[in-house]
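Understanding the architecture of this molecule
Read off the chains here:
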Amino acid sequence: MVSVMSVSDGVKWDKLSFASTLYLYPIIDTLLERAPSQMHDELRLGLQEALVNAAKHGNSLDPSKHISVQHAAIQGSYWWIVTDQGSGFELPDGGCNCPDKAGGEGIGDCGRGLFILYEIFDQVHWSSKGNEVHLCKRFSRWSQWLSWWQGLKPTPQVSIIR
């Protein structure tokens, strides 16, 4: 795994590059370092789906092909750009026909992994080639909720039973 940092337009972008693999736990841990811990479970699921799609469907699990992930915190949002070396894929006409949260009966033209991406992230944008996805999760809207939640955490109490 390689980690590189670059600065573009005043934004600090970190970059990871790794061979196609399904052993993603340490990679996802690195990608979540700056995200609030309360959101790790949800984001872990979303990033897992994006990386599995890149490794399995994009790179056909070919260890000679790499996946790169650029990530940055930008104005209350976290961005991840996942790129594989595959030939890409074509979204169905009109984008992903994922069911909305209210009525979601069937997944339709959208696979389970794509459905999860569109549910977890606030923005999902694909390159025209289809081998790169830009994922965004806004945290500024969560700051008030996180403060409230942290105030609810019980203070650990130690009891001695005799």
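Before reading further, recall that the structure is shown in the block above.
Now for a description of the structure that goes with this document. As the structure is a computational prediction, the values presented were derived from the model and not from experiment.

So, how was this worked out
- Residues numbered from 1 in each chain as written.
- Predicted model: local features only at pLDDT ≥ 70, side-chain atom pairs only at ≥ 80, totals over all residues.
- Heavy atoms only, no water.
- Axes fitted to C-alpha atoms, helices over the stretch in contact; angles between N-to-C directions.
- Helix = DSSP H or I, 4+ residues; strand = E, 2+ residues; numbered from the N terminus.
- Parallel < 35°, antiparallel > 145°, perpendicular 65-115°, else oblique.
- Left-handed = near helix turned anticlockwise from the far one by under 90°.
- Contact = heavy atoms within 4.5 Å.
- Buried < 20%, exposed > 50% of the residue type's maximum accessible area, 1.4 Å probe, protein only.
- Arc of directions from axis to C-beta.

A closer look at the packing of helix H2 (residues 40–58) against helix H3 (residues 112–120)
- Put simply, H2 and H3 touch, their axes get as near as 9 Å, and they point 140° apart. Relative to H3, H2 is oriented oblique. The way H2 lies across H3 gives a crossing that is left-handed. On the side of H2, the interface is formed by Glu42, Leu43, Leu45, Gly46, Glu49, Ala50 and Asn53, while H3 contributes Arg112, Gly113, Leu114, Ile116, Leu117 and Ile120.

Looking at unusual backbone geometry
- Phi is positive for Ser60, which is not a glycine, with a value near 50°.
- By secondary structure assignment, the location of Ser60 is in the loop between H2 and strand S3 (66–74).
- Despite not being glycine, Gln75 shows a phi value in the positive range, around 45°.
- With respect to the helices and strands, Gln75 occurs in the loop between S3 and strand S4 (77–83).
- For Gln75, a relative accessible area of 78% puts it in the exposed group.

Examining H3
- When we look at burial in H3, the residues that qualify are Gly113, Leu114, Ile116, Leu117 and Ile120. Down the axis of H3, the sector holding all buried residues measures 160°, keeping them to one side.
- Where H3 is buried, its residues contact H2, strand S5 (123–126) and strand S6 (132–138).

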